Amino acid sequence: MAKLNENFFKLKKNYLFIEIAKRIREYSDSHPQEAKRLIRMGIGDVTRPLAPVVVEAIKKAADEMQYRETFRGYEDSGAGYDFLRKAVSDYYKSFGAEVSADEIRISDGAKSDCGNIIDIFGSGNTVLVTDPAYPVYVDSNVMSGNEVIFADSTEENGFAAMPDKSVRADLIYLCSPNNPTGSVYTTEQLREWVNYALENNAVIIYDAAYEAFITEDNVPRSIYVIEGAKKCAIEICSLSKTAGFTGTRCGYTVIPDELVQKDSAGNDVKLADLWGRRQGSKFNGVSYPIQRGAEAVFTQEGQKQCRENISYYQENARVIAQTCDELGIKYTGGVNSPYIWLKCPNGMGSWDFFDMLLTKIQVVGTPGAGFGKNGDGWFRLTAFGTHEATKEAMERLKDLLKK
Ligand SMILES: *Cc1c(COP(=O)(O)O)cnc(C)c1O
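The structure presented is a predicted model; accordingly, all values stated were derived computationally and were not measured.

### Thoughts on the domain arrangement of the chain
By domain assignment, the chain separates into domain 1 (14-43 + 302-401) and domain 2 (52-298). A C-alpha centroid distance of 28 Å is found between domain 1 and domain 2. Between domain 1 and domain 2, the residue contacts involve 26 residues of the former and 35 residues of the latter. Counting each side, the surface lost to burial between domain 1 and domain 2 is near 2,500 Å², with a carbon and sulfur contribution of 55%. Taken as a group, N336, F371 and N374 account for 26% of the area that domain 1 buries against domain 2, more than any other trio of residues on that side.

### Brief notes about the packing of aromatic side chains
Going through the model one piece at a time under the given rule, you end up with 24 aromatic pairs. When the centroid spacing of 6.3 Å and the interplanar angle of 55 degrees are considered together, the rings of Y210 and F213 count as tilted. Judged on exposure class, the residue Y210 and its partner F213 are both buried. Ring geometry for Y339 versus F384: centroids 6.0 Å apart, planes at 90 degrees, classification edge-to-face. You can see Y339 sitting in strand β12 (residues 339-343) and its partner F384 sitting in the loop between β15 (378-382) and α13 (387-402), a full 45 residues away along the chain. This pair shows no difference in class: Y339 is buried, exactly as F384 is. Ring pairs connect the aromatic residues Y210, F213, Y312, Y313, Y339 and F384, which therefore count as one cluster. Stacked on the ring of Y81, the Lys or Arg R72 has its end atom at 5.1 Å from the ring centre. Positioned above the aromatic ring of F83 is the side chain of R292, whose terminal nitrogen or guanidinium carbon lies 3.6 Å from the ring centre.

Rules used in this analysis
Per chain, residues are indexed from 1 in the order of the written sequence. Reporting in this predicted model follows two pLDDT cut-offs: at least 70 for local features of residues, and 80 or more for side-chain atom pairs to be given and counted; totals over whole chains, interfaces and linings ignore these cut-offs and use all residues. With hydrogens and water stripped out, all remaining heavy atoms of the structure feed into the side-chain values. For each domain, the first and last residues come from an automatic or database assignment. Every residue pair with non-hydrogen atoms within 4.5 Å of one another is taken to be in contact. As a working definition, buried area equals the accessible area (1.4 Å probe) given up by two parts on being put together, with both sides summed. Centre distance within 6.5 Å is the pairing criterion for rings of Phe, Tyr and Trp, where only the six-membered ring of Trp is used; planes under 30 degrees apart are then read as stacked, over 60 as edge-to-face, and the remainder as tilted. In this scheme, a residue with accessible area under 20% of its type's maximum is buried, one over 50% is exposed, and one in between is partly exposed, where area comes from a 1.4 Å probe on protein chains only. Only DSSP runs of H or I reaching four residues or more are called helices, and only runs of E reaching two or more are called strands; each is numbered from the N terminus. In this analysis the charged atom, NZ for Lys or CZ for Arg, is taken to sit over a ring once it is within 6 Å of the ring centre and within 35 degrees of the ring normal.

This is the structure:
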């Protein structure tokens, strides 16, 4: 008989998006007329198409696959083609982080690496996750039987949890700009986390999936602009939100050469070597045409075209934030992030507010309670819709709440 990984039974039910879908369905069935004007501001997926230079590069690469001379099969290392790793390295340089091409591994996206990275760590680690958080961090650790403790992100700390020196952790997940709260760590705050990790010999797993949305100067685009970070941090990034690659699939993970931990015999072990071994056994790389498409993202023209899409979303974020300002609603995010995390008015719970927006103005958002206990009473709106729908939703919200 095959024994099961019964850690799966400890996972919280994948309840959030199922429950949202269920409530929308029930409402639509009973109110077919109203349901026609539904505006969805809950989904964390992009809506703008790929940049034309990216599509051109993918097509060109697909053509190469047609001829024996230019056909490509398995990639030698599975770590990504040099052309792309070099492009990512140069990109890091453009915002002041020194990351060599050798320290970068190309992936099929950030979610898989955020989950798989725990393969290189043993059992018995204390894993620290901020609450609320992107569910992958907790779920993947629960699946592996790891103990997860939480650092509270709350209204009081601007939803940017800081280290508690009295708590010891071995692995720390940070996400800035944050999903779901849109909050960010400033350089000073991130430095505190890096120092905490160095003092505890802990490893930070830094999810930078939204770095391209950063607009403020004192908010780092990479943890590696902080001194000492290369000794304690793994950075995981993705082209999903930067360049609309949610359906195309490409990301990159940085494990610096200097990131070393001791094994139980006291020997220094490079984490990059372990990850290389893990990926070598279980991963065969990202498709060649997609890596060419990703390379195009980092060209001058690619950056220009991708920035236009990001600006489009940023304009939506500005409209949502402005509406909250007008209504006197507290929120985080919107400035360096496509997410606005708002406090439900009049002390409402997340799900009550969800139902009110759905039934009164046919706007769908995401109840904060689905991202952790500190999310209750909070609500996430995303800027990934069209200008027209975003403006319309905000007009309806004003009509509803101004009275
Ligand atoms: C969207 C998102 C990602 C990106 O995941 P991919 O697998 O690269 O699409 C990573 N982390 C967070 C927090 C996200 O919201």
